[in-house]
Amino acid sequence: MSSLPITDNDIPDNNVEEKISKDKTSEPTNNAGECAKPQEGTQGDSHTSKDYYFDSYSHHGIHEEMLKDEVRTRTYQMAMLNNKHLFEGKIVLDVGCGTGILSMFAVQAGASHVYGVDCSSIIDHAARIVETNGFGDKITLIKAKMEEVELPVPFVDIIVSEWMGYFLLYESMLNTVLYARDKWLKKDSGIVFPDKAVLYICAIEDEQMKKERIDFWTDVYGFDMSALRQVALKEPVVDVVDSRAVITNAAPILSIDIQKCKAEDLSFSSSFQLRSLRNDKVHAFVSYFECAFTKIDKPLGFSTSPWSTYTHWKQTIFYLTEPIYVLEGEELVGKITCAANERNERDLNISISFKFEGQHSEYHGTTNYMLR
């Protein structure tokens, strides 16, 4: 795991004005100048279960949700358009280009040419979008898996990508960005946008929602369906968490420098220590992340925390089997482990172990989750 955290000077908040406090409660291929019609990369004919990941990004709806996430989209826009000196005359690679929005920002920022790569059929629509907006001579779109692409250039100066998933790492797209970085990015002066990310954990009181989502299964129209309660417990919930529900400090559990980290760093085990801020019940742990562009003149970033403006990533909730009673100042000490699922590397196996010895409750155990 990288030991390069985002500092308080690295990220302004989701209004892109002030800094975030870390302790809230603590185939290639056209040459430049040719049209933007997507080129088919070298792909096999087999269609595996993993390929359905790309199918999910073919529908316009998921792109609409991401584009309407102004925290996400405007932060990228500002990071690029406010730093034209970094893009002027440069060759840019857009990994997972989707609708082509980041590719077009890059051209607006002065890039001499952009290569956008995406394996989903949304890239066919992106080709029309690029042409409609007059960028056909500056953007080459390639329909292929990044790992199978051969670009018509020896290297690129900048890689842009919106790779983050729920719990930061869900869907494992960062692995693809790292592959592209190692193969195509100029070694000494190349830049990845964004370049830093930190993942956090905290604890919350969430009795009402736990009753609706988990305990619901104990009595369904008079029937005991608690077998499904155990299934529900093992699947993290992605939803918006009210900041008032947070009852501990937030602790960093993963810090990555995308310029330097390796794929193996993305499987991690991290200890944490959370201190209760009030007398209450703990029903779940919650994770959120922050991302930053620190290679620019005025570092810029955004947070997906419960205290920040809404993003489509929301927060990730890990419910406990039973609540524990905590008093102000008492501590939960634990460890969280995360690794790609063996059957589908885009899913995540997450394990949370913790112990608590308080005045009214004691707990020592492990819960295994799968984010899918």
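Now for a quick tour of the structure. (Residues numbered from 1 in each chain as written. Predicted model: local features only at pLDDT ≥ 70, side-chain atom pairs only at ≥ 80, totals over all residues. Heavy atoms only, no water.)

Quick look at the overall build of the protein chain now. For the protein chain, the helix and strand inventory stands at 9 helices and 16 strands. Total accessible area computed for the protein chain in this model is approximately 16700 Å², and 48% of it derives from carbon and sulfur atoms. (Helix = DSSP H or I, 4+ residues; strand = E, 2+ residues; numbered from the N terminus. Areas by Shrake-Rupley, 256 points an atom, 1.4 Å probe, with all protein chains shown as cover.)

Spatially, E10-E14-E15-E16 is the arrangement adopted by the 4 strands of the open sheet, whose pairing is antiparallel. Two strands close off the open sheet at either side, each with one partner strand: strand E10 (268-275) and strand E16 (362-371). Direction aside, the axes of adjacent strands within the sheet are offset by 15° on average. Pairing of strand E15 (residues 348-357) with E16 involves 10 bridges; the strand directions are antiparallel. Residue pairing for E16: Phe-356 is matched across the bridge by Tyr-363. (Pairing = 2+ DSSP bridges. Axes fitted to C-alpha atoms, helices over the stretch in contact; angles between N-to-C directions.)

Quick look at the side chain of Ser-103 now. Counting through the fold element by element, Ser-103 comes out in helix H5 (residues 101-108). Excluding residues that lie within four positions of it along the chain, Ser-103 makes contacts with Asp-94, Cys-97, Val-114, Gly-116 and Ile-139. (Contact = heavy atoms within 4.5 Å.)

Moving on, we get to unusual backbone geometry. A cis amide bond, omega -10°, links Phe-193 with the succeeding residue Pro-194. Mapped onto the fold, Pro-194 is located in the loop between strand E6 (191-193) and strand E7 (196-204). If you check the backbone angles, Phe-167 has positive phi at about 55° while not being a glycine. Within the secondary structure, Phe-167 is located in the loop between strand E5 (158-160) and helix H7 (173-184). Phe-167 gets classed as buried once you look at its relative accessible area, which sits at 2%. At Lys-314, a residue that is not glycine, the phi angle is positive and equals roughly 50°. Inspection of the secondary structure assignment puts Lys-314 in the loop between strand E12 (300-303) and strand E13 (315-326). According to the relative accessible area criterion, Lys-314 is partly exposed, its value standing at 24%. (Buried < 20%, exposed > 50% of the residue type's maximum accessible area, 1.4 Å probe, protein only.)

Right, let's talk about the pairing of strand E14 (residues 331-340) for a bit. Examined bridge by bridge, E10 and E14 share 8 bridges and lie antiparallel to one another. Residue pairing for E14: Arg-275 is matched across the bridge by Glu-331. Relative to E15, E14 runs antiparallel, the two being bridged by 8 bridges. Within E15, the residue paired with Ala-340 across the bridge is Leu-348.

Time to look at the pairing of strand E9 (residues 251-257). With 6 of 7 residues buried, E9 lies mostly within the body of the structure. Relative to E9, E7 runs antiparallel, the two being bridged by 6 bridges. Within E9, the residue paired with Tyr-200 across the bridge is Pro-252.

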